[in-house]
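As a plain string of letters, each chain reads:
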Amino acid sequence: MANAIAPITQDVLTLPRKADQGARRNIVGLTREQLREALIEAGTPERQARMRVGQIWQWVYHWGVRDFAQMTNLAKVYRTQLAEQFEIALPEVVRREVSLDGTRKYLLRIAGGHEVEAVYIPEEGRGTLCVSSQVGCTLTCSFCHTGTQRLVRNLTAGEIVGQLMVARDDLGEWPEKGAPKNETRLISNMVLMGMGEPLYNFENVRDAMHVVMDGEGLTLSRRRITLSTSGVVPEIARTAEEIGCLLAVSFHATTDEVRDRLVPINKKWNIAALLEALREYPRLSNSERITFEYVMLKGVNDSDADARRLVKLIAGIPAKINLIPFNEWPGAPYERSDWERIEAFADIVHKAGYASPIRTPRGEDIMAACGQLKSATERGRKSRAQIAADAGLSQD
Ligand code: SAH
Ligand code: SF4
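Residues numbered from 1 in each chain as written. Chains lettered and ligands numbered in written order. Predicted model: local features only at pLDDT ≥ 70, side-chain atom pairs only at ≥ 80, totals over all residues. Heavy atoms only, no water.

## Some points on the nonpolar core
Here's step 1: Judged by nonpolar contacts, the single largest core of 106 residues is most densely connected at Phe143, Met209, Leu278 and Phe292.
Here's step 2: Residue-level mapping places this core at the junction of two domains, with at least three residues from each of domain 1 (25–87) and domain 2 (92–390).
Here's step 3: Ranked by size, the runner-up nonpolar core spans eight residues in total, among them Ile121, Val191, Met193 and Ala248. (Core = buried A, V, L, I, M, F, W, Y, C linked by side-chain atoms within 4.5 Å. Buried < 20%, exposed > 50% of the residue type's maximum accessible area, 1.4 Å probe, protein only. Domains from an automatic or database assignment.)

Written out as C-alpha cells, the structure reads:
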C-alpha cells in the first residue's frame, strides 16, 4: 500500500451536555425566515421581528455566542424570555481524534443517541470540513463503509450546521471582540462528503447551506461548498437552483454493468440519465465545472479502457476528475489499485484535457478518509458475507 498507516494520536474532548434538550426550540439551523416566524410565535412583536433576527443571528453565527444572557444589545427581559423558549444547541462531541497529518475527526452524538462523524482536513492555504448529512446511508455502495451501516436517519438542518460550529469551537475560530479581522480562515471550505446521501435529505441540507452561506454569519460562499451525490438525478437541477453550490458526483465506473454493482442507485438512474442531468448543472448553477469522483479499485474499474471510456462519456461537460485511491476498511471486498495503475489512468484523463488530481488519503490512521466513516458503536452492522454478497462477489 502506498500510504503507511501512521500511529494514532488521540485525545478526548468533553463539552458540557445540554441536559434539557428538546424542551426548548433550537435556534441553530433555522433559516432567517424560520427564525422570524419562531420569534413571532414566541411573542416577539411582528414589526420588531426582522431586527431581532438580525441581532440574534449575529450573536449566534458571527460571534459564536451560546448564551442569551450575553446578547447585550437585547433588553434583559427579552433575553430571559428567549432563554425560556429557545436554546442554542450543538451536537455533543463524544470523541475527537487527531491524525498525525493534522486531520481531525469528530464523533458527534445527536438526538436519539445516534452518532455521526465530521472531519476537518487542513491543507496548504485552506482547510476543509467534511460534514455528514445522514446517520448511515440508505444506499449500499459496495466499496463504502457507511453503506454497510443499517441504521439511518436524516440529520436536521441544525445538526448539519452544528457540525461546522463544533469544528469552529474546537479550532478556536470565532472572532474576538476588538481583535483585528483575520482574513485567513481555518475552515475555508466545506464538503458534503461525510456519511449519507445529501440529496436524500434535500430540504434539511438546503436550509443548512442557506444558514452557512449567509453573508452575515458563517459566510462560506457557495463556491466554497461542494455537495457530493451518488447520482440522485431528480434532485440535481434543484440543487443548482435552490443551493447553487459546487457539485461532485460519485461516478466510479464507465459501464452500467460495473456501476450497477458499485453504486446500486445506478439501477434506478443509469449513466446516460445521470450525464444528462449533469450537462445542465453548470448552466443552472452558474458554476464552472463538475467534479467527477472516481474510486480506484484494483481490477474492477481501473483499466486504460476505463479511462478512455470515461473521457468519452463526459465529453462536453466542464469537469475535473478526482481519482480517489480506495480506502480500505475491515471486511471491505476490494483492494486499492496499484500506484502505477492510478498514475497511468490519471495520465490518460489528463491528456484528454481534464484536470485529474489523485486525492491523497487523509487521516487514514484515525479511519477518517473518504468512505471510512461509520460509527464504531453502531450495532446492526452487516456481516462480511453480506457485504460480499451485496457487491456480487463470492467469498473465499
Ligand atoms: N453519499 C455521497 C457523499 C459521501 S461519500 C456520495 O456518495 O457521493 C464521498 C466520496 O467518497 C464519494 O465519492 C464516495 O463514493 C467515496 N467513497 C466511499 N467509500 C470510499 C472508500 N472506501 N474509498 C474511497 N472513496 C470512497
Ligand atoms: Fe451512501 Fe455515498 Fe457511501 Fe454510497 S458512497 S453508500 S451514497 S455515503
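The structure having been displayed, the exposition proceeds.
## Concerning the packing of aromatic side chains
Here's step 1: Taken as a whole and judged by the stated rule, the model has four aromatic pairs.
Here's step 2: Between Phe251 and Phe292 the ring centres are 5.2 Å apart and the planes differ by 80 degrees, which places this aromatic pair in the edge-to-face class. Of this pair, Phe251 sits in the loop between β12 (246–250) and α7 (256–262) while Phe292 sits in strand β13 (residues 290–296); the two residues are 41 residues apart in sequence, bridging distant segments of the chain.
Here's step 3: Since its relative accessible area comes to 0%, Phe251 is described here as buried.
Here's step 4: Stacked on the ring of Trp57, the Lys or Arg Arg32 has its end atom at 4.6 Å from the ring centre.
Here's step 5: The lysine or arginine in question, Lys177, covers the ring of Trp63, its NZ or CZ lying 4.5 Å from the ring centre. (Phe/Tyr/Trp six-rings, centres within 6.5 Å; stacked < 30°, edge-to-face > 60°. Helix = DSSP H or I, 4+ residues; strand = E, 2+ residues; numbered from the N terminus. Lys NZ or Arg CZ within 6 Å of the ring centre and 35° of its normal.)

## So, the pairing of strand β14 (residues 319–325)
Residues in a regular strand point their side chains to alternate faces of the sheet.
Here's step 1: Summarising burial for β14: six of the seven residues are buried, a large majority.
Here's step 2: Crossover handedness for the path β13 to helix α9 (residues 304–313) to β14: right-handed. (Right-handed = clockwise from strand over helix to strand, strands pointing away.)

## Topic: the pairing of strand β7 (residues 126–130)
Here's step 1: Along β7, four of the five residues are buried, which leaves the element largely enclosed by surrounding structure.
Here's step 2: With five bridges joining them, strand β6 (residues 114–123) and β7 adopt antiparallel strand pairing. Residue pairing for β7: Glu123 is matched across the bridge by Arg126.
Here's step 3: Adjacent in sequence and paired antiparallel, β6 and β7 are bridged by two residues, among which Gly125 carries a positive phi angle near 80 degrees. (Pairing = 2+ DSSP bridges.)

The analysis is restricted to geometry; functional conclusions fall outside its scope.
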